[in-house]
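Chain by chain, the residues run as shown.
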Amino acid sequence: MTIHRFPQDFLWGSATAAFQIEGAALEDGRRDSIWDTFCRVPGAIVNGDDGSVACDHYHRMPQDVALMKELGLQVYRFSSSWARVRPDDREFNPAGLDFYSRLVDELLGAGIRPWITLYHWDLPAAIPGGWTNRDTAHRFVEYAEKMAETLGDRVQDWTTLNEPWCSSLLSYAGGEHAPGHTDPREAVAAVHHLHLAHGLATRRLREVLPDDASVGLTLNFTVADPVDPDSPTDREAARRIDGLQNRLFLDPIFRGAYPDDVLADLNGLGLESHIRDGDLETISTPIDWLGVNYYNGAAVTGSPDNGPAPSPEANGRRVGNPNIGSEWVEFVPRGLPVTDMGWEIQPDGLRRLLERLHVEYTGPADIGMYVTENGCAMPDRADEDGFVDDQDRIGYLRGHFIAVEEAIAQGADVRGYFVWSLLDNFEWAWGYDKRFGIVRVDYETLERTPKASALFYRDVIAANAVEEE
Ligand code: PNW
């Protein structure tokens, strides 16, 4: 039997996000985020679900941290809710700041390293124009500074943004995420202003935080393979998706420039009109690590001659297409097994992604990577005790752990892994219908029950190794 061993100082953890688990949406001074208002749009969220209670983590935080300790987690990736910390975009909310301060103390008391993300999508609804407004980047810096002043003495690792692709293209062109717009011009404005927010905040965090603090950001990646590698159209489809979903976010940060081919694909949407002198210098402020979120593989085909593809159906609702300028690209199922999201399970895509990022981006920048999210939704099959024997999730995780180890063996500098997610939680447009947790949440009683995958993960962490099946 082959055993894959990880480097001695490899960090094992799990991840969540504020809006997806906290609940207490209007308690202790919190006010609406764009996700609270989006949840009230009829048809926006499956079953009309919202985040008002979620996993009730806001009230159950100490027990949740105790659970993390039982599972042997070494690091916990969470996000702070901007809408809780600065509810009306005016005064900071002491009760909101206090919640994160207590969470950090609880984690440190349990011997778990806190890993904070400042923006995991719950923008205060009070901010006019959202990310189409350049000023939002400056509001973000003020919030980031306040968080650093409050937690900088105890939190070492800081993430500016989670998945700006989602908060720009999927939110302002795709319409699937808040604020649910379908305007490609708004989407490119959001891309640039999110980049700017990241760069400005990175600079400010470095001024406020102690010297040994680390600052990075998390991107989501699509490994797009051409359906037929010999077909120029399929290769062109793959280039476009790689450009729009990966390089549009990597290149400004690592190379201080938007990729020319992507600008050409987006021609006419006005991305360049938002760039001011010095912006790209700000955006390319060096970071200490790159967070990599990977869930699935994808195969692409299509032809521009067929014109833009019709808008996809999401949750039975007509929405826009996030692949602006490349709407004709089609994603084709390859017959691989899929998760409950319908996403193709392809661990090898993660290995290839990490190796490529190391060679093209993080290696030259002399920084490491963390897999900040990886995991899968699987159907709920609880027995009468609430236990889920999720062998399918164990198989998914095992395959991806091995992929990470193989990438490390090939020279990729990967320093940690966070499973998404600790708990079943509010899966955005899919509400509570999709379950990503290694711990089951009973949404009637809010009881937590570790699934078989949580016990498997505990053993992997303890061994710092995983066996091939
Ligand atoms: C990420 N897509 O979201 C987020 O960071 C998590 O909050 C989320 O729960 C997790 O992945 C699982 O979905 C994404 O449509 C949501 O391509 C949607 C997409 C990608 C990432």
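An unreviewed UniProt entry lists the protein chain under the name Beta-glucosidase, from Tessaracoccus oleiagri. You can read under Sequence similarities (unreviewed entry) in the UniProt record for the protein chain the words "Belongs to the glycosyl hydrolase 1 family." If you open the UniProt record of the protein chain and go to Catalytic activity (unreviewed entry), you find "Hydrolysis of terminal, non-reducing beta-D-glucosyl residues with release of beta-D-glucose."

Peer 1: I'd like a description of the packing of helix H8 (residues 184–208) against helix H9 (residues 232–255), backed by residues and values.
Peer 2: The contact between H8 and H9 brings their axes to 11 Å, and the two run at 40°. One finds that H8 runs oblique with respect to H9. Viewed along their axes, H8 and H9 form a crossing whose handedness is right-handed. Of H9, the residues touching H8 (which contributes Val 191, His 195 and His 198) are Leu 248, Phe 249, Pro 252 and Ile 253. Here the residues of the contact of H8 with H9 sort into five nonpolar, two polar and no charged.

Peer 1: Which residues make up the packing of aromatic side chains, and what are the values?
Peer 2: Think of a pair of aromatic rings as described by two things: how far the centres are apart, and how the planes are tilted against each other in angle. The final tally for this structure, using the stated rule, is 39 aromatic pairs. Note on Phe 426 and Tyr 432: the rings are 5.5 Å apart at their centroids and 65° apart in plane angle, and the pair reads as edge-to-face. For the pair shown, Phe 426 and Tyr 432 are each scored as buried. Members of the aromatic cluster, joined through ring pairs, are Phe 19, Trp 35, Phe 38, Trp 121, Phe 426, Trp 428, Tyr 432 and Tyr 443.

Peer 1: How would you explain the UniProt feature "binding site: substrate" (unreviewed entry) in the protein chain if you had to name every residue and give the values?
Peer 2: The UniProt entry lists Gln 20, His 120, Asn 162, Tyr 295, Trp 420, Glu 427 and Trp 428 under the feature "binding site: substrate" (unreviewed entry), expressed in the numbering used here. When you line up the elements, Asn 162 lands in strand S5 (residues 157–162). On the basis of relative accessible area, Asn 162 is assigned to the buried category, the value being 1%. Those residues in contact with Asn 162, other than ones at most four positions away along the chain, are Arg 77, Thr 117, Tyr 119, His 120, Trp 121, Ser 167, Thr 218, Asn 293 and Glu 373. Not counting chain neighbours up to four residues away, the residues in contact with Trp 428 comprise Phe 19, Gln 20, Trp 35, Ile 45, His 120, Trp 121 and His 177.

What counts, and at which threshold
- Residues numbered from 1 in each chain as written.
- Predicted model: local features only at pLDDT ≥ 70, side-chain atom pairs only at ≥ 80, totals over all residues.
- Heavy atoms only, no water.
- UniProt positions renumbered as here; feature names shortened; annotations may be inferred.
- Axes fitted to C-alpha atoms, helices over the stretch in contact; angles between N-to-C directions.
- Helix = DSSP H or I, 4+ residues; strand = E, 2+ residues; numbered from the N terminus.
- Parallel < 35°, antiparallel > 145°, perpendicular 65-115°, else oblique.
- Left-handed = near helix turned anticlockwise from the far one by under 90°.
- Contact = heavy atoms within 4.5 Å.
- Nonpolar A, V, L, I, M, F, W, Y, C, P; charged D, E, K, R; others polar.
- Phe/Tyr/Trp six-rings, centres within 6.5 Å; stacked < 30°, edge-to-face > 60°.
- Buried < 20%, exposed > 50% of the residue type's maximum accessible area, 1.4 Å probe, protein only.

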